[in-house]
Amino acid sequence: MKLTGAQALIKSLEMQGVEVVFGLPGGAILPVYDPLLDSSIRHILVRHEQGAGHAAEGYAQATGKPGVAIVTSGPAATNIVTPLADAYMDSIPLVVITGQVATSTIGTDAFQEADTTGITMSITKHNWLITDANDIPRVVREAFHVATTGRPGPVLIDLPKNVSNSTMEWYWPRQVSLPGYKPTTKGHPKMIKEAAKMIASAEKPVFYVGGGVVRAKGAESLRRLVDLTQIPTVTTLMARGVLPDSHPMCLGMPGMHGNYAAVTSMQKADLLIVLGARFDDRVTGKVDAFAPNAKVIHIDIDPAELGKIRHAEVPIVGDVKSVMDDLFAELEPLQGHFRDISPWRKEIKSWQDTYPYSYDRAHEGPPLKPQMVIERIRDLNDEDTIVVSGVGQHQMWASQYWQFEKPNMWINSGGLGTMGFAVPAAIGAKVGRPDRTVWVIDGDGCFQMTAQELVTATTERIPIKVAILNNAYLGMVRQWQEMFYEERYSEVYLSPDLPDYVKWAEAMGCVGIRVVHPSEIDAAIEKANSITDRPVVIDFRTDTQEKVFPMVPAGKSNDEIVLGEDEL
Amino acid sequence: MNQEGNQVVPIGGAIRTPNEFRHHILSVLVENKTGVLARVAQLFSRRGYNIFSLAVAPTDDERFSRITVVVDVETAPLEQITKQLHKLVNVIKISEIDPDEAVEYELLLATVSADAATRAQVIELVNLFEGRIVDVGLTKLTVMVAASPSQLDDFEALIVEYGLVELQRTGRVALQKLGKPVVKRKQLKGRVS
Ligand SMILES: Cc1ncc(C[n+]2csc(CCOP(=O)(O)OP(=O)(O)O)c2C)c(N)n1
Ligand SMILES: [Mg+2]
């Protein structure tokens, strides 16, 4: 069967089971958009290619399947660079297809030419420039394989226009052959035995659980392990929900804005069992002072993470789910012979009781306390609600105050910290999980970066709900200027009224609601929950002064955690 | 000519061959495809590692190329470098070659002033290093020497005396020495310390 390169591409995507792609056409990718008309694949037309990338990320995180975006060459390819970098940092499987100028004109500064594979080399797991239409099925197959196996991540296929226009004889490769790509998935048995011994005899162990466990779909295995060992467990920003917050052993988020018990348990631990986490500086604070007494068992699919920041006494390369299962099998027979860690649990419990997250609940308002808004949205929705956040104070409060009971319910930009992530990512999440309510907790600054994708949401009938915590500031930066720059506020004021978020929402076909007084919060949320045929935007007027606590100041040791305003 | 009294100051001689304690040789087998060298080179700069020298050519099997990289390991732990390199999809195998256990060779081409007075001396020097005269001009010679990097450093320090017009070195290629009872060629593939 003879196909054009473009037809072969679309057929290959169908073969990979792709149901949805996010994109926006243009010159170099035009041939690909024609066979798309005849395909079963749903295309969602975004308003900016950054939106396509983040939507694909949101889709991937909500479904566990790879997200796919198709854009044209040059400016479109550069517009999708941010989502690629974001997905690379947070290990999100993404397949991005970019158009490219004809092979005969590559290198001539042709119209809308950019060195896409060169630009994206360091922010993709791998990329391909296809120069022969016959390579298309093979490359697509390889691309999905690389994106979804090992440590997941984004890949990019650059497809010149003449290649998509030329013809090829259709085939579908039975298998992938990449001699240089063979991720280790099975952990080393000797190391796992060693790890089990250390776990059973530790006095102050902590599970330090990262996003890798979410990517490995390891929630069940983790839970079994925690139930067996009764070891206190922290879930990083990327891992929120992978162990239910209601689980008695769950301490919640560690790090710069983590709670006291999570931060301090790691500081005082004699053993850290690191599961799919990477010692991010936002977790460790000053590395030299991080968990100074702890031995480390580090389990990760990416060998380069082991020993990168912190030496591991027991490094184990492997799929974290598989290793957790093997570890469970090693530990189960030792049940009853574990060292008694109840004093340790008691100590941690006392920290939890003494230093919970707190804010001034008695404050009557207006303005609204942002934490209260989040708590109300939480309480008026069930645990199957997907929460997507932007980057800033609102993100930290969302992670702190939401109660996460399941994995893949919390979608945010952790590693890159990309403002503007939330609205498009929520669109992707809702497309992937139409059965779930999707709430965005966004900042006013973030919202302004990608809000136009709400036009996409309205047009495509993707009814997401957006709560803007409108504090009229680039709040997180304002907080740093207040605390570390003697309240010299430099370029952080945004204004609460400009833009008028309600009118803006309405202009984009959404329902717009403004909430100024605390008494209006519940009604607004309930109204938003009742609207299922279009997006809703609520402009919550929140307290400009409110800061995120606890806080470990940048570059400081986690021991120097600041609990609240009065400690400053 | 860089000359102060009788003391010869070789051009960059002191930094030409890295200190044996700081450098490592990585022999990286890669797929022979477009852009692979760019990926390897970019990885080094992206992760803040310094490449001291680099030589690349296809192997006897055309599907593969071998990149011989001399790394300045003070810029990053070698283990991180090799692990990050392994993450490149086109990288097949990485061997760390211990400089003490390796045969290392490098090629040097130099154009030297050689008038009637010095020509014989230059030729003698080249002969001493088992090199060859590859091009002859009226007042200049172009010479070629293939030797170990440190021998080339010596040669360079001497030849500079006669007035160097141009000099180019290739960067070393290396293979493990043969016939050792214990082959100390560290296999780094997919393994952790
Ligand atoms: C694209 C991008 N630019 C700049 C920043 C730096 N930055 C981090 S948080 C923040 C403020 C975010 O403001 P807003 O969305 O209003 O959230 P708030 O902190 O007020 O809740 C900024 C500017 C960033 N993370 N991303
Ligand atoms: Mg704000």
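Note on numbering: residues in each chain are counted from 1, in written sequence order. Just so you know, chain letters begin at A and ligand numbers begin at 1, following the order they were written in. For this predicted model, a pLDDT threshold of at least 70 governs which residues receive local features, and a threshold of 80 or more governs which side-chain atom pairs are given and counted, while totals over whole chains, interfaces and linings are taken from all residues. With hydrogens and water stripped out, all remaining heavy atoms of the structure feed into the side-chain values.

- An unreviewed UniProt entry annotates chain B as Acetolactate synthase small subunit originating from Ferrithrix thermotolerans DSM 19514.
- UniProt positions are given in the numbering used here, feature names are shortened, and annotations may be inferred rather than shown by experiment. UniProt, in its Catalytic activity (unreviewed entry) section for chain B, records the words "2 pyruvate + H(+) = (2S)-2-acetolactate + CO2".

- Under an unreviewed UniProt entry, chain A has the name Acetolactate synthase and belongs to Ferrithrix thermotolerans DSM 19514.
- You can read under Catalytic activity (unreviewed entry) in the UniProt record for chain A the words "2 pyruvate + H(+) = (2S)-2-acetolactate + CO2".
- A UniProt comment under Sequence similarities (unreviewed entry) is attached to chain A, and it reads "Belongs to the TPP enzyme family."

**Considerations on the packing of aromatic side chains**
Residues and elements named next belong to chain A.
- Here is the rule: rings of Phe, Tyr and Trp (six-membered ring for Trp) pair when centre to centre is within 6.5 Å. Planes less than 30 degrees apart are stacked, more than 60 are edge-to-face, and the remainder are tilted. As enumerated under the stated definition, the model contains 18 aromatic pairs over all chains in all.
- Judged by centre distance (5.4 Å) and plane angle (90°), the rings of Tyr208 and Phe279 are edge-to-face. Taken as a pair, Tyr208 in strand β9 (residues 205-209) and Phe279 in the loop between β12 (271-275) and α13 (281-284) lie far apart in primary sequence, 71 residues in all.
- To sort residues, take the accessible area from a 1.4 Å probe on protein chains only and compare it with the maximum for the residue type: under 20% means buried, over 50% means exposed, and anything in between is partly exposed. A residue is classified by how much of its surface remains accessible, and Phe279, at 3% relative accessible area, is buried.
- Plain terms: the ring middles of Phe447 and Tyr501 are 5.8 Å apart, the flat faces sit at 65° to each other, and that makes the pair edge-to-face. Only DSSP runs of H or I with at least four residues qualify as helices, and only runs of E with at least two residues qualify as strands; both kinds are numbered from the N terminus onward.

**Here we look at the pattern of salt bridges**
Residues and elements named next belong to chain B.
- The term salt bridge refers to a pairing of a side-chain nitrogen on Lys or Arg with a carboxyl oxygen on Asp or Glu at a separation within 4 Å. Scanning all chains against the criterion turns up 45 salt bridges over all chains.
- Here Glu104 ties to Arg172 by a salt bridge, and the two come within 2.2 Å at their closest N and O atoms. Taken together, the residues Glu104 in strand β7 (residues 102-113) and Arg172 in the loop between β10 (164-169) and β11 (173-176) connect sequence positions 68 residues apart. Take Glu104 and Arg172: they sit in the same class, and that class is buried.

**A closer look at the sheet that holds strand β20 (residues 536-541) of chain A**
Residues and elements named next belong to chain A.
- One requirement defines pairing of two strands: DSSP has to find at least two bridges between them. Spatial strand order, β16-β15-β17-β18-β20-β19: six strands in an open sheet with parallel pairing. Of all strands in the sheet, those bounded by a partner on one side alone are β16 (410-411) and β19 (511-515).
- Two strands pair when backbone bridges link them, and strand β17 (residues 438-443) and strand β18 (residues 465-470) are joined in this way by five bridges, in the parallel orientation. Across the sheet, the residue bridging to Val440 is Val466, located in β18.
- We call two residues in contact whenever any of their non-hydrogen atoms come within 4.5 Å of each other. Axis definition: a line fitted to C-alpha atoms, limited for helices to the stretch in contact. Angles are taken between N-to-C directions and run from 0 to 180 degrees. Of the strands in this sheet, β15 (386-389), β16 and β17 are in contact with helix α18 (residues 422-432), which crosses β17 at around 175°.

**Details of the domain arrangement of chain A**
All names here are of chain A.
- Taken as a whole, chain A is organised into domain 1 (2-169), domain 2 (189-355) and domain 3 (370-549).
- Once you take the C-alpha centre of each, domain 1 and domain 3 turn out to be 30 Å apart.
- Computed with a 1.4 Å rolling probe, the buried area is the accessible surface lost when two parts are put together, summed over both parts. Carbon and sulfur atoms make up 60% of the area that domain 1 and domain 3 hide from each other, which totals about 1900 Å².
- Per-residue buried area on domain 1 facing domain 3 is highest for Arg47, Gln61 and Ala62; these three make up 29% of the total on that side.
- The tally of links from domain 1 across to domain 3 stands at one salt bridge.
- Among the salt bridges present, the one from Arg42 reaches Glu460, with a minimum N-O distance of 3.4 Å.
- We call two N or O atoms a polar contact when they sit within 3.5 Å, provided that within protein one can donate a hydrogen and the other can accept it, with sequence-adjacent residues counted only if both atoms are side-chain atoms. On inspection of domain 1 and its partner domain 3, the count reaches eight residue pairs in polar contact (both at pLDDT 80 or more).
- Elements supplying a minimum of two residues to the side of domain 1 that touches domain 3: β2 (20-24), β3 (42-45), α3 (49-63) and α5 (81-89).
- For the side of domain 1 that touches domain 3, the leading source of residues is α3, giving ten residues.
- Only Asp, Glu, Lys and Arg are considered charged, only Ala, Val, Leu, Ile, Met, Phe, Trp, Tyr, Cys and Pro nonpolar, and every remaining residue, Gly among them, polar. When the residues that make up the side of domain 1 that touches domain 3 are grouped by side-chain class, the tally is ten nonpolar, nine polar and five charged. Note that domain bounds follow an automatic or database assignment of domains.

**Here we look at a nonpolar patch on the surface**
Residues and elements named next belong to chain B.
- Candidate patch residues must exceed 30% relative accessible area and have no salt bridge, after which like charges are joined if within 9 Å and Val, Leu, Ile, Met, Phe, Trp or Tyr side chains if within 5 Å. Reported accessibility uses the Shrake-Rupley method at a 1.4 Å probe radius. Residues are deemed covered only where the shown protein chains occlude them. A cluster of nonpolar side chains, namely Val103, Tyr105 and Val173, defines an oily patch on the protein surface of about 260 Å² accessible area.
- When you line up the elements, Tyr105 lands in strand β7.
- Judged by relative accessible area, Tyr105 falls into the partly exposed class, the value being 43%.

**Some details on the UniProt feature "domain: Thiamine pyrophosphate enzyme central" (unreviewed entry) in chain A**
- Sites flagged by UniProt as "domain: Thiamine pyrophosphate enzyme central" (unreviewed entry) map to residues 192-327 of chain A.
- Between the end C-alpha atoms of residues 192-327 of chain A the distance is 6 Å, and the span holds 35% helix and 19% strand.

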